[in-house]
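Observations on chain architecture
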Amino acid sequence: MKFLSFFISRLGKALVVVLGVVIINFFMIRLAPGDPAAVLAGQAGAGDPTYVASLRAEFGLDQPLLTQLWLYLKGVFQLDLGFSYRNHVPVLDLILERLPATFLLMSCAFLFSIVFGVLLGVIAARARYSNKRRWIDSSVMTGALLLYATPLFWLSLMGILLFSVLLGWLPAFGMETVGANLAGWARVQDIATHLILPTVTLGCFFMAVYVRLTRASMLEVIGMDFVKTARAKGVSPNRVIRTHVLRNALLPVVTFAGIQLGQMAGGAVLTETVFAWPGIGRLMFDALLQRDYQLLLGIFLVTSVMVVVFNLLTDLLYRLIDPRIAAGAQEASA
Amino acid sequence: MKPFLKRYMRNYGAVAGLAVMLVVVAIALAAPLLYPESPWMMVADPLIKPFVDPAYPFGTDMLGRDITAGLVWGARVSLLVGLLSTGVALVFGILVGAVAGYCGGRIDDALMRFTEFFQTIPQLAMAVVLVAVLSPSVYSIMGAIALVSWPPAARLVRSEFMTLKQREFVQAAIVIGQTPSRIVCTQILPNAMSPIIVSASFMVATAILTESSLSFLGLGDRNLMSWGFMIGAARTMIREAWWMSVWPGVAILLTVLAINLIGEGLNDALNPQLRKRGE
Amino acid sequence: MDDNTPLLSVRNLTIALPAGGDRRYAVRDISYDVRAGEILCIVGESGSGKSMSANAIMGLLPDYLAPQGGQILLRGTDLLQQDEARLQAMRGKDMAMIFQEPLSALNPLMTVGEQIAEVMRVHNAYPGQARARRVLELLEFVGLPDPATLYHVYPFRLSGGQRQRVMIAMALALEPSLLIADEPTTALDVTTQAQILALIARIQKEKGMGVMFVTHDFGVVAEIAHRVAVMERGELVEQGPAEQILNAPRHPYTRRLIAAVPRRRADADSAADSAPPVLDVRNLSKTYVTGRGWLGQKRIVRAVDDVSFTVRRGQTLGIVGESGSGKSTIGKCLLKLIGINGGQLIFDGQDIAGLSESQFRPLRKDIQMIFQDPFASLNPRHTVGRIISDGPVASGQSRAQAEARARELLGLVGLDASAFDRYPNQFSGGQRQRIGIARALALEPKILVADESVSALDVSVQAQVLQLLHQLQQQLQIALIFITHDLRVAAQVCHAVLVMHQGKVVEYGSPGQIFDQPRHAYTQKLIAAVPGQHWDPPAEPPPEPAI
């Protein structure tokens, strides 16, 4: 029952954040220079006076602010995120069409960054702890430092330059080979080859973050008293790392993963733009070029919701793996 | 001061970072002297390869613009945006964090909800939307970056203040009768500065990366040549003119790397007692 | 095996410190024996290196502290010559160790049963069902209730004393012949400490183990030791049977240490009872409410529950209790560092309990505090002179006046005048406490609250600071409220003692009466738990003859 109340309170918080984003969107339109109706119509639609007038009516732009807000909220909760004049489709439809591609890319990049990040972090920490082969630790940390300082979009471009232009091993853009019309297993393979470069370049930056975090967390845990207790019991160094250090060290990584997701969503915009990956990040770039503000804000809202949902999931996951949180962590006194 | 400098100098990476940054700052300051004409001017044949013509060491782009001039002027934009936006974010973050950390209770709760909200929203997406809506200019860029980077500063300051407030020397200050404002200014803040300074350096690095991302997406100030813009313009020419996208990226990489190294050097030098065996 | 051969023999052990330390060797040329069926106590102050040899025996020294010479013979095998694999096989099986901080010594993500079973697992002992049975057996042996449920419990649910019992169970699992205990009761309450000491003594007798017990507390030594070894700055200065070391110490350092052990004063001033009252506390209450927002249950903790007492000029009132008794909370309430939920604080005829912070601030100079942690109670970025003069400046004096007074005070507390311009990190713990005392006195207070002010100090330094406080009280006729968990200290310095338990006052009286005729059941329990009751530390040694 306690888990349910925890879940409900977290859900409540998540909904408040989403509501906040919606309200921000509302005020953004009014912040833009010029007539809000023209802004909502976008660059393409602004030339069509009937369209602009219909927008003025639909969003109640002549009415008091609170009524406008109410109309806007009503629209959003009815899942009406507006209309893209340029593309002649409702914004939500456009977003839903592109969402799976982004989802695929982000999940793969996320897994890549966490798996390799934690792995390399553990390897670096072990090398440092046992004081043998310290060069492993130094090289991993230097590599992480370099990746951490590299602009994401540039890394993607360099990836294309090396693996596509110079070596010709991997495709340079898109999710599937144009005009190939493959099906079944062949299609999956095609997508997979196109997925490699975007996943690795998007994942590398965050991998660097996880390497540093995991290493620092592990070295901190290794210094803790209960590790000494384990050694005093005769536990082998391997088992100490595996059973005692790792579980405790990964707790902060889980928390951090939730936060990183928000940054990765932004990173997806850059990666998808460079690789012409047909996801909502690319869609955002197009919306920017076309000055299609309704589409832009709709994408922003959907991205925020995605991040909020992921944060909620990591919160729940953290609660499941740390028994102290579940009990409300009332530390007994001596 | 002296022991701090000595500790800093012991870290070779930090010293290297400092050297690189001094070069970058020097170049940025000397830009009008080195290249008095605007980097937007088309000065030569298009697509000259790098290291071929000594007048254009890094080559030219597809419109005949001097890439070296672009690199030099781009340094100004990166540093300007990085430093100013971080400054604004810090001021706001310190205010929010200090009040939340010192006052505690309901004020702290409310401020933390506010901060968490801004931290949950995807940062780059927010910056993109903000700059797009406000029309791209160096001011909207700085404002957008400041808006998305203040939450971590606020959280840091808050946690420092909360820890320090419980320290016995702060309690002693209350006991001997100092007023709260005096306590915050003379007792708490000086002891909180070290992590804030270290955090500030990392914030500058992140700000530079964000600025270059925004310029890459076409949201840069149209009048200012930025490294990110150069890479964005080079995208379509990647097969024919690889050098157009490589050099600006290397410039960003070196600058951000240098700042990160300085940050880590500052961290080690300011907190020597925290250097455990594992660090 | 010959009964006379010691179980453990440390011979000429030397461990070097890395360059830049305060001395060249952590321990130098130390030798001692532990026999089966015997408890050896290694005593020393902080920095004496007493834990070093313990860690060296187990092979748990950090890399930068390698033994440079000597032997450690456990039943004839030189542990310093063994490789890591062999040592690993011996740890937990032939020799076991328990540590100081029970709250952090257990893996928070593994259940208690799993952690005890792990010892057997890594040594391949008690396979199958026998393992779980053995765990339950051990839990019962160390006196933990309901072993079957406890097996599946996570450490955070247990108290410090209970966790220490789990540690002992882990250490005993494979019945090692040597048990090393590194200050295992230092972090525990007096009553819990008594239970753990009794447990260790019982185990040692029943199993015939050799026990090496490291401690700084002579009371503990008096309670359980058969033999004692005294260490000072890395050297072993004296060792021998407990009765001899405790009652007729030979080495000057040992004699100084034992002389510094707090003891009851024969001449408790009773005249102080007629002195005018300075502070009258009536029905003081402080409650904490913890609970989660709108969906959680609230817990109400009465930290201070209807407490009343009076403090008089020139008198020292001791407030003693264990952790959670509310004694420190009272201190914070008196200084108005935390809010009060009920009651009155009558100071100089005025009730200060209800005053707001800005109303109270001008009165603060009359009530001052000396804090517990010498390393955290001074702002590391201010000079000593500034720290002491800040108080008078805050109450309106000019900076010049305040600084002159600060220099005076440095002399009064026994510090060199040059300390004025130096920073706290250049001083030792005892010296920093003196600075803290000077800071408190700078405002010429009528009441001084000392909240565990000597608890973090070594026993010899503690004796000096207590002496200083006594002197100052005589001179300035200040009322002193001395909050402590150490009953011996309270007996030495206080005119009257207040015993606290779970927020309430359970007894009040003179030290003589509290110690000899405790009335309340809890006080009786508390007094009985003080280790080394039967031991009467020898009196001050005669002054050293001039050389």
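Keep in mind that what you see is a predicted model, and the values were worked out from it rather than measured.

1. Section: the overall build of chain C
Each helix and strand in chain C was counted, giving 19 helices and 20 strands. Taking 547 residues into account, the globule formula puts the C-alpha radius of gyration at 24 Å, and chain C, at 26 Å, falls close to it. Reported as C-alpha extents along the three principal axes, the dimensions of chain C are approximately 75 × 70 × 45 Å. Each of the 547 residues in chain C was classed as buried or not, and the buried ones make up 47%. Once local pairs closer than 6 in sequence are excluded, the contacts in chain C between residues at least 24 apart make up 70%.

2. Here's the deal with the overall build of chain B
For chain B, the helix and strand inventory stands at ten helices and zero strands. On the principal axes, the C-alpha backbone points of chain B span a range of 75 × 45 × 35 Å. The buried share of chain B, taken over its 279 residues, is 49%.

3. Side note on the interface of chain C and chain A
Between chain C and chain A, the contact holds 40 residues from the first and 25 residues from the second. Along the lines of polarity and charge, the residues of the side of chain C that touches chain A split into 20 nonpolar, twelve polar and eight charged.

4. Considerations on the interface of chain B and chain A
With 34 residues of chain B at the contact, the number on the chain A side is 45 residues. Residue assignment for the side of chain B that touches chain A shows that the elements contributing at least two residues are helix H4 (105-120), helix H5 (123-134), helix H8 (180-216) and helix H10 (243-270) of chain B. Per element, the largest residue contribution to the side of chain B that touches chain A is eight residues, and it comes from H5 of chain B. Its residues placed into classes, the side of chain B that touches chain A shows 21 nonpolar, ten polar and three charged.

5. Things to note about the environment of Leu164 of chain B
Residue and element names in this part refer to chain B. With respect to the helices, strands and loops of the structure, Leu164 is situated in helix H6 (residues 138-166). Classification of Leu164 as buried rests on a count of 21 C-beta atoms within 10 Å. When the C-alpha atoms of Leu164 and Asp268 are compared, they prove to be 20 Å apart, with 104 residues separating the residues in sequence. Excluding anything up to four places from it in sequence, Leu164 contacts Val170, Ile188, Asn191 and Ala192.

6. Considerations on the packing of helix H3 (residues 112-122) of chain C against helix H4 (residues 129-141) of chain C
All names here are of chain C. With their axes 10 Å apart at the nearest point, H3 and H4 run at an angle of 115° to one another. As for how H3 packs across H4, the hand of that crossing is right-handed. Across the interface between the two elements, Gly113, Ile116, Ala117 and Met120 from H3 touch Arg131, Arg134, Val135 and Leu138 from H4. A per-class count over the contact of H3 with H4 returns five nonpolar, one polar and two charged.

7. What about the sheet that holds strand E3 (residues 39-44) of chain C?
All names here are of chain C. Ordered by their spatial adjacency, six strands build an open sheet running E6-E7-E8-E3-E9-E10, and the pairing between neighbours is mixed. Edge positions in the open sheet fall to strand E6 (95-98) and strand E10 (235-241), since each of these has one partner strand only. With strand direction ignored, the average angle separating the axes of adjacent strands in the sheet is 15°. Where strand E7 (residues 178-182) lies against strand E8 (residues 210-215), five bridges are found, and the strand directions are parallel. Paired with Ile180 across the bridge in E8 is Met212.

8. Comments concerning unusual backbone geometry
Residues and elements named next belong to chain C. You will see that Tyr126, though not glycine, has its phi angle at about 50°, which is positive. Residue position: Tyr126 is located in the loop between H3 and H4. Classification of Tyr126 as partly exposed rests on a count of 18 C-beta atoms within 10 Å. Its identity as a non-glycine residue notwithstanding, Glu444 has a phi of 50°, on the positive side. With respect to the helices and strands, Glu444 occurs in the loop between helix H15 (429-441) and strand E17 (447-451). Look at Glu444 and you get partly exposed, because 15 C-beta atoms sit within 10 Å.

9. So, the environment of Glu272 of chain A
Residues and elements named next belong to chain A. Relative to the helices and strands, Glu272 resides in helix H10 (residues 237-275). For Glu272, a count of 27 C-beta atoms within 10 Å translates into the label buried. Remark: the alpha-carbon pair of Glu272 and Met175, spanning 97 residues in sequence, is separated by 9.9 Å. Excluding anything up to four places from it in sequence, Glu272 contacts Thr102, Trp277, Gly279, Gly281 and Arg282.

10. Observations concerning the nonpolar core
Residues Leu296 of chain A together with Val128 and Val129 of chain B are the most contacted members of the largest nonpolar core, which totals 336 residues. Of all the elements, helix H8 (residues 184-222) of chain A adds the most residues to this core, at 16 residues. Other than its neighbours up to four places away in sequence, Val128 of chain B contacts Val269, Met284 and Leu288 of chain A together with Leu214, Leu217 and Leu219 of chain B.

11. A few points about helix H10 (residues 252-260) of chain C
Residues and elements named next belong to chain C. Burial in H10 covers these residues: Thr254, Leu257, Ile258 and Ala260. Take H10 and look down its axis: the buried residues cluster within an arc of 160°, on one side only. Where H10 is buried, its residues touch helix H8 (218-224), strand E9 (227-232), E10, helix H9 (242-247) and helix H16 (459-476).

12. Quick notes on the confidence of the model for chain C
Summary statistics for chain C give a mean pLDDT of 89 and a share of 95% for residues scoring 70 or more. In the predicted complex, the global pTM is 0.84; the interface-specific ipTM is 0.86.

13. A word on helix H4 (residues 65-77) of chain A
For H4 of chain A, which comprises 13 residues, the first-to-last C-alpha distance of 18 Å matches the rise-based estimate of 18 Å (1.5 Å per residue) to within 8%. Leu79 of chain A occupies a position one or two residues after H4 of chain A and carries a positive phi of about 60°.

14. Regarding the sheet that holds strand E1 (residues 8-16) of chain C
Residue and element names in this part refer to chain C. In space, the four strands of this open sheet follow the order E2-E1-E4-E5, with antiparallel pairing throughout. The open sheet is flanked by strand E2 (25-34) and strand E5 (77-78), the only strands paired with a single partner. The sheet contact formed by strand E4 (residues 67-74) and E5 spans two bridges and is antiparallel. Opposite Leu73, over in E5, you have Asp78 as the bridge partner. Most of the contacts of helix H1 (residues 50-58) go to E1, to which it runs at about 110°, and overall it touches E1, E2 and E4.

15. A short note on the packing of helix H7 (residues 152-166) of chain A against H10 of chain A
Residues and elements named next belong to chain A. The contact between H7 and H10 brings their axes to 9 Å, and the two run at 30°. In this view, H7 runs roughly parallel relative to H10, as classed from their interaxial angle. Between H7 and H10 lies a crossing whose hand is right-handed. Counted together, Leu152, Phe153, Ser156 and Leu157 of H7 and Gly267, Leu270, Thr271, Val274 and Phe275 of H10 form the full contact between these two elements. Of the residues belonging to the contact of H7 with H10, the class tally is six nonpolar, three polar and no charged.

16. Some details on the environment of Leu498 of chain C
Residues and elements named next belong to chain C. Position of Leu498 among the secondary structure elements: in strand E19 (residues 496-501). Leu498 sits in the buried class, given 24 other C-beta atoms within 10 Å. Separated by twelve residues in the primary sequence, Leu498 and Ser510 place their C-alpha atoms 8.8 Å from one another. Sequence-distant contacts of Leu498, that is, excluding residues within four places in its chain, are made with Phe309, Leu317, Gly318, Ile319, Val505 and Tyr508.

17. Thoughts on the confidence of the model for chain B
Residue and element names in this part refer to chain B. Chain-level pLDDT for chain B is 87 on average; 97% of the residues reach the 70-or-more range. For chain B, helix H1 (residues 2-9) is the element with the lowest average pLDDT, namely 80, and helix H7 (residues 168-175) is the one with the highest, namely 93. The low-confidence segment residues 274-279, where pLDDT is below 50, has six contacts with residues more than four positions distant or belonging to other chains.

18. What to know about the pairing of E6 of chain C
Residues and elements named next belong to chain C. Burial along E6 is two-sided: Met95 and Met97 facing one way and Ala96 and Ile98 facing the other are all buried. Sheet topology note: the E6/E7 ladder contains four bridges and is parallel. By the bridge assignment for E7, Ala96 is matched with Leu179.

Calculation notes
Residues numbered from 1 in each chain as written. Chains lettered and ligands numbered in written order. Predicted model: local features only at pLDDT ≥ 70, side-chain atom pairs only at ≥ 80, totals over all residues. Helix = DSSP H or I, 4+ residues; strand = E, 2+ residues; numbered from the N terminus. Rg over C-alpha atoms; globule rule 2.2 N^0.38 Å. Buried ≥ 20, exposed ≤ 12 C-beta atoms within 10 Å, placed from the backbone. Contact = placed C-beta atoms within 7 Å. Nonpolar A, V, L, I, M, F, W, Y, C, P; charged D, E, K, R; others polar. Axes fitted to C-alpha atoms, helices over the stretch in contact; angles between N-to-C directions. Left-handed = near helix turned anticlockwise from the far one by under 90°. Pairing = 2+ DSSP bridges. Core = buried A, V, L, I, M, F, W, Y, C linked by C-beta atoms within 7 Å. Arc of directions from axis to C-beta. pLDDT = per-residue confidence, 0-100. Expected span 1.5 Å × (residues − 1). Parallel < 35°, antiparallel > 145°, perpendicular 65-115°, else oblique.

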